[in-house]
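# Observations on chain architecture
Next come the chains, spelled out residue by residue.
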Amino acid sequence: MKKNLYLFSSFCLLFISGCSSIDVLNPKGSQGNEQLSLIKLSIYIMMLVIFVVVVLFIWFVYKYRARPGYQPSTHQENRNKKLEITWTVLPFILLFILAVPMVKSVFGEAQKDRSEAMKIKVTASEFWWKFEYPAEGIVTSQELHLPKGKRVVLELHSKDVIHSIWVPQLGGKQDLIPGRTNRLALTPEKSGIFQGKCAEFCGTGHSYMRFTVKVDSKQDYEKWLSSMKKDQNSSQSLSADESEGQKLFEKNCLSCHATSGLTAADKKGPNLADFGNRDHIAGVLKNTPPNVKEWLKDPEKVKPGSHMPKREGLSEHDYTALSHYLQTLKK
């Protein structure tokens, strides 16, 4: 009974592991398409090996089955050079067929000219992502905007431990190692919203270290860049409740978080420019005022391992005012 339960549980876990919004087999970028081709090639080779093994297994079972009048031969073949050479050489041939396009893909991407590519600096910290656009002088966090059809080179850095960036539908993944700069090229071919995440176990908040990738058309991307360069709330009127939240933010949060998308205003915590338009809070909760309150009240409870401290002395009304103000941070 226990054995059957174990097998059933293992099968269920295997089945459930495929239930994910991460769709590796539905790429939307040139690097993702190339990786899918390699996955298909490896599957075809494995299927060929499995087919040959299964056919030989069935054939031998049938040929040497016990049956009336059958007497197994007592002759034992100790060596057969032709067979030994065959099953030694064949794996090398199959590995060679798989290795050539894989090496060509990896080193070919590394040798491509980067002068025309757009560069974005990516910094990973426990447990969030910062994205800097040096040519534009802007910075954001948790949401990476990319222009459709443009080759982008991500320069990867880590502030603490080893992380790994992975956007399954666009390509990846690549480690971010403290003290070292690695690079990852992406060329999105279709507009849309895609999930990115850390693919290297990095601590208690690893499973929540997610981010969103928004691939925009050229016009939408230029519009987003332009909006990020504007001062937050420069032309926005706030209600009394939102103004109160702004004052609370300046008193309790401004030392760590910037609300401007300009690099010069960047601080040690996640940049909150355009926070009101983000889909998720800290990559975990849906971005709604009640969820913002839940996050502000106890970040560690929502996202284990978070370094954001819980503010003491704030009332329920204060949290409401803060959550309303944060929703006004829209470009």
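Residues numbered from 1 in each chain as written. Predicted model: local features only at pLDDT ≥ 70, side-chain atom pairs only at ≥ 80, totals over all residues. Heavy atoms only, no water.

The five strands lie next to each other as β3-β2-β1-β5-β8, forming an open sheet whose pairing is mixed. Of all strands in the sheet, those with a lone pairing partner are β3 (138-141) and β8 (182-186), marking the two edges. Ignoring which end each strand starts from, the neighbouring axes of this sheet average 25° apart. Here strand β1 (residues 118-125) pairs with strand β5 (residues 152-158) via seven bridges, running parallel. Counterpart to A124 in the pairing with β5 is S158. (Pairing = 2+ DSSP bridges. Helix = DSSP H or I, 4+ residues; strand = E, 2+ residues; numbered from the N terminus. Axes fitted to C-alpha atoms, helices over the stretch in contact; angles between N-to-C directions.)

Applying the stated criterion across every chain, the model contains nine salt bridges. Across the pair K130 and E132 runs a salt bridge, and its minimum N-O distance is 4.0 Å. Judged by its relative accessible area of 15%, K130 falls in the buried class. For E132, a relative accessible area of 15% translates into the label buried. When the shortest N-O distance is used, the salt bridge between E316 and K297 registers 2.8 Å. With E316 in helix α8 (residues 316-327) and K297 in helix α6 (residues 289-297), the pair connects residues that are 19 residues apart, well separated along the chain. (Salt bridge = Lys/Arg side-chain N within 4 Å of Asp/Glu carboxyl O. Buried < 20%, exposed > 50% of the residue type's maximum accessible area, 1.4 Å probe, protein only.)

Let's shift gears to the layout of surface pockets. Space inside the largest pocket adds up to approximately 710 Å³. The wall of the largest pocket is formed by 34 residues, among which H257, G269, P270, W295 and M308 lie closest to the centre. Among the elements of the structure, α5 (240-252), β11 (280-281), α6 and α8 are those that each provide at least two residues to the lining of the largest pocket. Here the lining of the largest pocket takes three residues from α8, the largest share from any one element. Split by residue class, the lining of the largest pocket holds 18 nonpolar, nine polar and seven charged. Lining the second largest pocket we find 26 residues, and of these Q35, S105, V106, E109 and L184 sit closest to its centre. In terms of residue count, helix α2 (residues 30-63) provides more of the lining of the second largest pocket than any other element does, seven residues in total. (1 Å grid on protein atoms, 1.4 Å probe; cavity = no way out; pocket = protein on both sides within 12 Å on 5 of 7 lines; lining within 4 Å. Points joined across faces, edges and corners; volume = space filled by probe spheres on them. Nonpolar A, V, L, I, M, F, W, Y, C, P; charged D, E, K, R; others polar.)

Once that is clear, we can look at the UniProt feature "transmembrane region" (unreviewed entry) in the protein. Mapped onto this numbering, the UniProt entry gives "transmembrane region" (unreviewed entry) at residues 41-62 and 83-103. Within the segment residues 41-62, helix and strand shares are 100% and 0% respectively, and the terminal C-alpha atoms sit 32 Å apart. Along residues 83-103 one finds 100% helix and 0% strand; the C-alpha atoms at either end are 30 Å apart. (UniProt positions renumbered as here; feature names shortened; annotations may be inferred.)

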